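Now for the letters of each chain:
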Amino acid sequence: MHKHHRALGLAPRSTARIAAGLDIAKRKPVDPVTLVRPHAAARAARFFVEKFPGRSMYAVKANPSPDLLRVLWDNGITHYDTASIAEVRLVKSTLPDATCCFMHPVKSPEAIAEAYFDHGVRTFSLDSMDELAKIVDATEEATDLTLCVRMRVSSEYAQLSLGSKFGVGVEESRELLIATRQVADALGICFHVGSQTMSPDAYANAMERVRAAIVGAAVTVDVIDVGGGFPSVYPGMTPPPLERFFETIHRAFESLPVSYSAELWAEPGRALSAEYASVVVRVEHRRGAELFINDGAYGTLFDAAHIGWKYPVQLLRQPDSDARDMDFSFWGPTCDDIDHMKGPFPLPADTKAGDYFEIGMLGAYGQAMRTGFNGFGTGETVIAADEPMLSVYSDDRHVAAERTGNVVTL
Ligand SMILES: *Cc1c(COP(=O)(O)O)cnc(C)c1O
């Protein structure tokens, strides 16, 4: 991949980009090292704050690192989508002035009560009459609630479906919207089009279902929450510009039959955190086209193992290898066959035991998934000032597209 880069005359930039990784490799760390890039998360936060035509709340599950939460807060993200009471506690202890919205449609009564009475949470989501009754009981019939009815929408444009577990269909939503309207101070409708959504059409289609639900129930709606799903960029997955998603959402929102003062919300997780972290790993052993490395399925590479996600990789060696790239698969450090990342991941053909390489774009659902299984999962975290391997926010998106070899043009 770096060969290709040189052909484009971009070698100097490329070398600058991997400065932090090379520095780490020189130290020959035994455990994987996480590189965090606060400047990249700050840029993402500012982009959403300035360009999304409504309120952006960060979906904490994508990466609950307190350092990241503080970066987002410092760059204008004031609201946080939390899905468990532990996430609520974490946000409130890290950012006491932040507003948490409890957007998991199935909660324990204890979690609802603690969120409401101890942490000032006023916004909750639900997708059933049972959950509505639970929220009313647990908050002792509070009259200051914003209640968002979660609708089921298609995940057809997403790489990762969130379409089956939660949400009501248009037909069933009528009764629930009417009942929720009666107890809510503000009524919202929310949905999630699935993670890493590659087309703005996903949001347009979901908004059509929202329209049908509003018309069917004939209720006044105060909040439209389009959820998460905003894409980042990975090899083979270069999305259209985020502005296109924002325009589509804005247009759809403007045409919905909602109250004049209705608010538009979004819950980006991946898009705000993906570029925040990468990991520097060491090759412990090579067997043909298989590299045994010191991070894996139980570490930051859960998605690479379980759903074949392809992350960008970059060898960290000086002087640089001039071998051609070849496709590798990875084995993680634990003792079982699940710890396998099939890739393919292109690295120079002379990659060998003792080499280090960087795996990029692990800020979302990477860093957050790490476990201590089998005695692995430790390692230091270092702040890096260089650019993430790929970016949906920098001006050279098209270079990123070249590198990943797949531009989705819509
Ligand atoms: C996971 C999740 C998000 C974040 O999704 P991304 O695809 O990471 O943007 C937002 N809202 C809800 C309800 C979620 O479950």
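Residues numbered from 1 in each chain as written. Predicted model: local features only at pLDDT ≥ 70, side-chain atom pairs only at ≥ 80, totals over all residues. Heavy atoms only, no water.

Undergrad: Where do I start with the pairing of strand β4 (residues 99–102) in this structure?
TA: On a regular strand, each side chain points to the face opposite its neighbour's, so the side chains alternate between the two faces of the sheet. With 4 bridges connecting them, strand β3 (residues 79–82) and β4 associate as parallel partners. Of the residues in β4, the one forming a bridge with H79 is T99. Remark: the β3/helix α6 (residues 85–94)/β4 crossover connection has right-handed handedness. (Pairing = 2+ DSSP bridges. Helix = DSSP H or I, 4+ residues; strand = E, 2+ residues; numbered from the N terminus. Right-handed = clockwise from strand over helix to strand, strands pointing away.)

Undergrad: I keep staring at the pairing of strand β1 (residues 33–36) and nothing clicks. Help me out?
TA: Both faces of β1 are covered, namely the face carrying V33 and L35 and the face carrying T34 and V36. Here β1 runs beside strand β12 (residues 277–287); their pairing, made up of 4 bridges, is antiparallel. Each bridged residue has a counterpart across the sheet, and for V36 the counterpart in β12 is A277. Examined bridge by bridge, β1 and strand β18 (residues 381–383) share 3 bridges and lie parallel to one another. Within β18, the position partnered with V36 by the bridge is I383. (Buried < 20%, exposed > 50% of the residue type's maximum accessible area, 1.4 Å probe, protein only.)

Undergrad: Mind showing me how you'd approach the sheet that holds strand β5 (residues 123–126) here?
TA: Strands pair in a sheet through their backbones, by hydrogen bonds, and they do so in one of two ways: parallel or antiparallel. Strand order around the closed barrel formed by 8 strands is β2-β3-β4-β5-β6-β8-β10-β11, with parallel pairing between neighbours. Across this sheet, the average inter-strand angle for adjacent strands is 25 degrees, counted without regard to direction. As paired strands, strand β6 (residues 146–150) and strand β8 (residues 186–190) are joined by 5 bridges and run parallel to one another. Residue pairing for β8: L147 is matched across the bridge by L187. Seen against the sheet, helix α8 (residues 129–138) touches β5 and β6 and runs at an angle of roughly 155 degrees to β5. (Axes fitted to C-alpha atoms, helices over the stretch in contact; angles between N-to-C directions. Contact = heavy atoms within 4.5 Å.)

Undergrad: When you look at the environment of A297 in this model, what are you seeing that I'm missing?
TA: Considering the arrangement of structural elements, one finds A297 in the loop between β13 (290–293) and α13 (302–306). The buried category is assigned to A297, whose relative accessible area is 2%. Residues A297 and T371, 74 residues apart in the sequence, show an inter-C-alpha distance of 9.2 Å. Not counting chain neighbours up to four residues away, the residues in contact with A297 comprise F302, A305, H306, I338, D339 and M341.

Undergrad: Sorry if this is basic, but what is going on with helix α5 (residues 66–74) here?
TA: For an α-helix, the turn length of 3.6 residues means that residues three or four places apart are oriented alike. Inspection of α5 places L68, L69, V71 and L72 among the buried residues, and these make up the whole buried set. Across the axial projection of α5, the buried residues extend over an arc of 160 degrees, all falling on one side. In this fold, the buried residues of α5 make contact with α4 (38–51), β2 (55–59), β3, α6 and α12 (270–273). Phi turns positive one or two residues past the end of α5, at G76, with a value near 105 degrees. (Arc of directions from axis to C-beta.)

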